[in-house]
2 protein chains.
Amino acid sequence: MYDFTFYNPTRVVFGRGVFPKLADELAKGGVSRVLLLYGGGSIHKTGVYEQVVGALNSHDIVFFECAGVKANPVVSKAREAVEAIKANKLDAIVAIGGGSVIDSAKGIAAGSLYDGDMWDFYARKAKVEKALPIYAVVTVSATASEMNYTSVMTNEELGHKVGLSNELLYPRCTLIDPSVQFSVSERQTMDGGIDAICHVLETYFDGAKGLEIQKEYAEGLVRSIIRLMPILRAHPDDYDARAQFAWAAVNALNGTTWAGHPTRGEFSSHAMGHTLSAKYDSIHGETLSAIMPAWMKYACREDMPTFARFAERVFGTNESSEEERALAGIECLKGFFASLGAPVALGDMGIPKADLPELAAHVTRNGPIGSLKKLEMVDVLKIFESAY
Amino acid sequence: MYDFTFYNPTRVVFGRGVFPKLADELAKGGVSRVLLLYGGGSIHKTGVYEQVVGALNSHDIVFFECAGVKANPVVSKAREAVEAIKANKLDAIVAIGGGSVIDSAKGIAAGSLYDGDMWDFYARKAKVEKALPIYAVVTVSATASEMNYTSVMTNEELGHKVGLSNELLYPRCTLIDPSVQFSVSERQTMDGGIDAICHVLETYFDGAKGLEIQKEYAEGLVRSIIRLMPILRAHPDDYDARAQFAWAAVNALNGTTWAGHPTRGEFSSHAMGHTLSAKYDSIHGETLSAIMPAWMKYACREDMPTFARFAERVFGTNESSEEERALAGIECLKGFFASLGAPVALGDMGIPKADLPELAAHVTRNGPIGSLKKLEMVDVLKIFESAY
């Protein structure tokens, strides 16, 4: 096992009807003036907005609002929120939404206590030294942003989508009420499941040896999510399935599976997907369903025993050779993604084939990516072609 | 899934040679005067004492010492430490050891900022309102006290061994160097494995339904520990096995497996074992190896599907009926404990048979125990007799 530090101080308050507890958490944290950050209007339809505002009012907590955060969140919107926080001297952010809103809140939390432009953090021109506290009210489970310290943001002018990680960006408190997710669309629910599975696998397949416990956790999570997705497809209002998936998605990227790994995951597939999202605003989960199996096929020779083990333990494949089992497992995963109605070919996502070389160049603009297998531009291009 | 709160802010610094990092962690936390709390002399033999003191000296951190904490730690020793902290105005505790020392540190941390007697917390006469920060330097892995908020202490005058849980008692930072555990005795290592398995199972078998992810985690942990113990018996200096067990033991009782459970575990077997330890100073792990299988046999009819699932997934039992599989699994577990050289009968531990009724009365002195199956005095007596 490699040396590591494990630290995750986010308090998770989980269950039916927990959102009004936000007010107590804010009061406990000495917070009295907040920015409500959210996306479109769905929180008005689901009643989440009323629950949150009611709780704030009952505790006389002053709030300002910033709405309109979109999927693949953009820095221009985040800058707008920073302005509002600075102008109104707010002391915390309440992020109501899923990964896009919570990722945005992290950049905004750091940007609000910084004199320069917040993109500096993402461009690695400045390091986060302080950040406002974040309270997350989760309305869609997928990214685990509600219990980790990573933010992914798109700079529309530069056409870059990049990540930022810093311990100061852990939400102080996260409230998860699975019942408000009954109305999350089938497509978004399935994409969330794909995202969570890929989070687990990008750590699982990083080539690290001797991490038996972490491998057991990862396999258990993937088996659970594979079992849950068809239930949620058929019964979007199954509380227990929503709850189990919400907790699985959090565990998929809150540190549980990566302790003792030399990297915090491989994340080549995420990097390739981010380039597609930056250029075509592609849905995050759909970039992964197309790319992840192609990456696995390309990289599996670097660690065939682990790919074979995954196939056996998750899909019960029993072909006679290790390689056959490994490849069969990859096909099973691809088949599972397809069974959820997700695209498993970039060609089906409206991405022009002629763009692939330019996309591969963009992915590797700062040098090769990947840890299991180092990927140069030419490797990324081959994966894109195989995924096409 | 039941409603729950998950919160575990302990920072874990894990790896070979990490103990000197303690000084940085203390400095980061603004700590300048500490109490070093430890047990017998083993930390002098292993060089851990020198590593810690060297680090403190290099950062000009003032320290006082309190040595002699024993297994099944007693409140009289803890009171002594509280006196030293109050007299010398110390601002943190550095607990060097395993569960006994870290459990003691928790009581001491609360007692040092309290005007009354620290046993009040354990006797439920007072609630912990504040506590000094605790830094744990782990020399033996078993109890997970290094990453949870529970302390178990014995009051020798009253003959009680009881637990205390409070969020303020989480260690602020825990340093784990598996290589210093090469010299932990075979007996203590095996007892640690038994303790960790029982921690997992007392949550797993609490009767809660629909916790697929938590069940997957629990099964993975138990399979891992069962695989690791024989390796550690044969090769006590296998770094990777020590590291994996150290992390497994932490995960067995740091909240990972109990999220979403209605209780924080069943813990009837622990309660019965604590009575034996309070009366005969019995080794904690050995009370469990004798009692846990007997409890399982007594309680399994309350949730046969889970006991059968455990048997199948951990021991691969394939008897035709659910009940047969469940019972076979219990026998496998008992056989595994015996294979580690642990006692699986109270009669082998020198406990007089005539004492059993009195012991059962002590276990249930505050009323029935247990959540899967409520145990009255007569039930506890039957389990003791079956374990005899």
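One can find the structure itself at the top, above this paragraph.
On a predicted model such as this, the values are computed, not experimentally measured, just so you know.

From N to C terminus, chain A includes 15 helices and eight strands. For chain A, the C-alpha radius of gyration of 20 Å lies close to 21 Å, the compact-globule estimate for 388 residues. If you line up chain A on its principal axes, its C-alpha atoms span 65 × 45 × 45 Å. Counting across all 388 residues of chain A, residues that qualify as buried make up 61%. Sequence-distant contacts in chain A: of pairs separated by 6 or more residues, those separated by 24 or more amount to 76%. Of the roughly 13400 Å² of accessible surface on chain A, a fraction of 51% belongs to carbon and sulfur atoms. Side chains of chain A carry 38 positive and 47 negative charges; the gap between the two charge centres is 2 Å.

Okay, the nonpolar core next. Counting residues in hydrophobic clusters, the biggest one holds 218 residues, and the most contacted among them are Trp295 and Phe384 of chain A together with Trp295 and Phe384 of chain B. Not counting residues up to four positions away in its chain, the partners in contact with Trp295 of chain A are Phe205, Glu266, Ser268, Ser269, Met272, Phe307, Leu372, Leu375 and Ile383 of chain A.

To continue, consider the relation of the copies chain A and chain B. Take chain A, turn it by 180°, move it 0.0 Å along the axis, and it overlays chain B with an RMSD of 0.0 Å. With respect to symmetry, the two chain copies, as superposed, fit the operation of a two-fold axis. If distances are taken from each C-alpha of chain A to the rotation axis, the shortest is found for Pro9 of chain A, at 2.0 Å. Same-surface contact between copies: 100% of interface residues of chain A are shared with the interface of chain B.

An α-helical turn contains 3.6 residues, so a residue and the one three or four places further along point in the same direction. Residues and elements named next belong to chain A. If you check which residues of helix H14 (residues 356–363) are buried, you get Leu356, Leu359, Ala360, His362 and Val363. Buried positions in H14, seen along its axis, are confined to an arc of 160° and lie on one side of it. Taken together, the buried residues of H14 touch strand E7 (160–165), helix H10 (268–280) and helix H15 (377–387).

Before going further, it helps to spend a moment on the sheet that holds strand E5 (residues 134–138) of chain B. Within the open sheet, the 12 strands sit side by side as E3(A)-E2(A)-E4(A)-E5(A)-E8(A)-E1(A)-E1(B)-E8(B)-E5(B)-E4(B)-E2(B)-E3(B). Their pairing is mixed. Either end of the sheet is taken by a strand with one partner, and the two such strands are strand E3 (62–66) of chain A together with strand E3 (62–66) of chain B. Adjacent strand axes in the sheet meet at a mean angle of 25° when their direction is disregarded. The pairing of strand E4 (residues 92–97) of chain A with strand E5 (residues 134–138) of chain A spans five bridges and is classified as parallel. Its bridge partner being in E5 of chain A, Gly97 of chain A is matched across the sheet by Val138 of chain A. On top of the sheet, helix H9 (residues 239–251) of chain A reaches strand E1 (4–14) and strand E8 (173–176) of chain A together with strand E1 (4–14) of chain B; it is set at about 155° to E1 of chain A, its chief contact. Sheet strands touched by helix H4 (residues 75–88) of chain B: strand E2 (33–38), E3 and strand E4 (92–97) of chain B. Its angle to E2 of chain B, the strand with the most contacts, is close to 165°.

The next thing to look at is empty space enclosed by the protein. What the rule picks out here adds up to two cavities of 30 Å³ or more. Of the voids in this model, the largest cavity is the one considered here, and its volume is about 160 Å³. Along the wall of the largest cavity there are 16 residues; nearest its centre are Phe6, Asn254 and Thr256 of chain A together with Phe6 and Thr256 of chain B. Taken together, the elements giving at least two residues each to the lining of the largest cavity come down to E1 and H9 of chain A together with E1 and helix H9 (239–251) of chain B. By residue class, the composition of the lining of the largest cavity is eight nonpolar, eight polar and no charged.

Attention now moves to the pattern of salt bridges. All names here are of chain A. Counted under the stated rule, the structure contains 42 salt bridges over all chains. One salt bridge connects Glu80 with Lys77, and the closest N-O pair in it is separated by 3.1 Å. Placement of the pair is Glu80 and Lys77 together in helix H4 (residues 75–88), with a separation of three residues, close to one helical turn. A relative accessible area of 44% means that Glu80 is categorised as partly exposed. Among the residues examined, Lys77 registers a relative accessible area of 17% and is labelled buried. For Glu358, the salt bridge is made with Lys279, and the minimal N-O distance between the two is 3.1 Å. One end of the pair, Glu358, is in helix H14; the other, Lys279, is in helix H10, with 79 residues separating them in the sequence.

Residues and elements named next belong to chain A. Within the secondary structure, Asp120 is located in helix H6 (residues 119–122). Despite its burial, Asp120 pairs with no opposite charge; the closest candidate is Lys125, at 4.9 Å N-O. A polar contact is formed between the side chain of Asp120 and the side chain of Tyr114, at a distance of 2.7 Å. Look past the residues within four positions of Asp120 in its chain and what remains in contact with it is Tyr114, Lys125 and Ala126.

So, about the environment of Val162 of chain A. Residues and elements named next belong to chain A. The residue Val162 is located in strand E7 in this model. Judged by its relative accessible area of 16%, Val162 falls in the buried class. For the pair Val162 and Ala278, spaced 116 residues apart in sequence, the C-alpha to C-alpha distance is 9.2 Å.

This part covers the packing of helix H12 (residues 304–315) of chain A against helix H13 (residues 322–339) of chain A. All names here are of chain A. Between H12 and H13, whose axes approach to 8 Å, the crossing angle comes to 55°. As the angle between them shows, H12 and H13 are arranged oblique. The crossing of H12 and H13 is left-handed. Contacts between H12 and H13 involve Met304, Pro305, Phe307, Ala308, Ala311, Glu312 and Phe315 from the former and Glu322, Glu323, Arg325, Ala326, Gly329, Ile330, Cys332 and Leu333 from the latter. Each residue belonging to the contact of H12 with H13 can be placed in one class, and the counts come to 10 nonpolar, one polar and four charged.

Parameters at a glance
Residues numbered from 1 in each chain as written. Chains lettered and ligands numbered in written order. Predicted model: local features only at pLDDT ≥ 70, side-chain atom pairs only at ≥ 80, totals over all residues. Heavy atoms only, no water. Helix = DSSP H or I, 4+ residues; strand = E, 2+ residues; numbered from the N terminus. Rg over C-alpha atoms; globule rule 2.2 N^0.38 Å. Buried < 20%, exposed > 50% of the residue type's maximum accessible area, 1.4 Å probe, protein only. Contact = heavy atoms within 4.5 Å. Areas by Shrake-Rupley, 256 points an atom, 1.4 Å probe, with all protein chains shown as cover. Lys, Arg positive; Asp, Glu negative; His and termini not counted. Charge placed at Lys NZ, Arg CZ, Asp CG, Glu CD. Core = buried A, V, L, I, M, F, W, Y, C linked by side-chain atoms within 4.5 Å. Least-squares fit on C-alpha atoms with pLDDT ≥ 70 in both. Arc of directions from axis to C-beta. Pairing = 2+ DSSP bridges. Axes fitted to C-alpha atoms, helices over the stretch in contact; angles between N-to-C directions. 1 Å grid on protein atoms, 1.4 Å probe; cavity = no way out; pocket = protein on both sides within 12 Å on 5 of 7 lines; lining within 4 Å. Points joined across faces, edges and corners; volume = space filled by probe spheres on them. Nonpolar A, V, L, I, M, F, W, Y, C, P; charged D, E, K, R; others polar. Salt bridge = Lys/Arg side-chain N within 4 Å of Asp/Glu carboxyl O. Polar contact = N/O pair within 3.5 Å; in protein donor to acceptor, adjacent residues only side chain to side chain. Parallel < 35°, antiparallel > 145°, perpendicular 65-115°, else oblique. Left-handed = near helix turned anticlockwise from the far one by under 90°.

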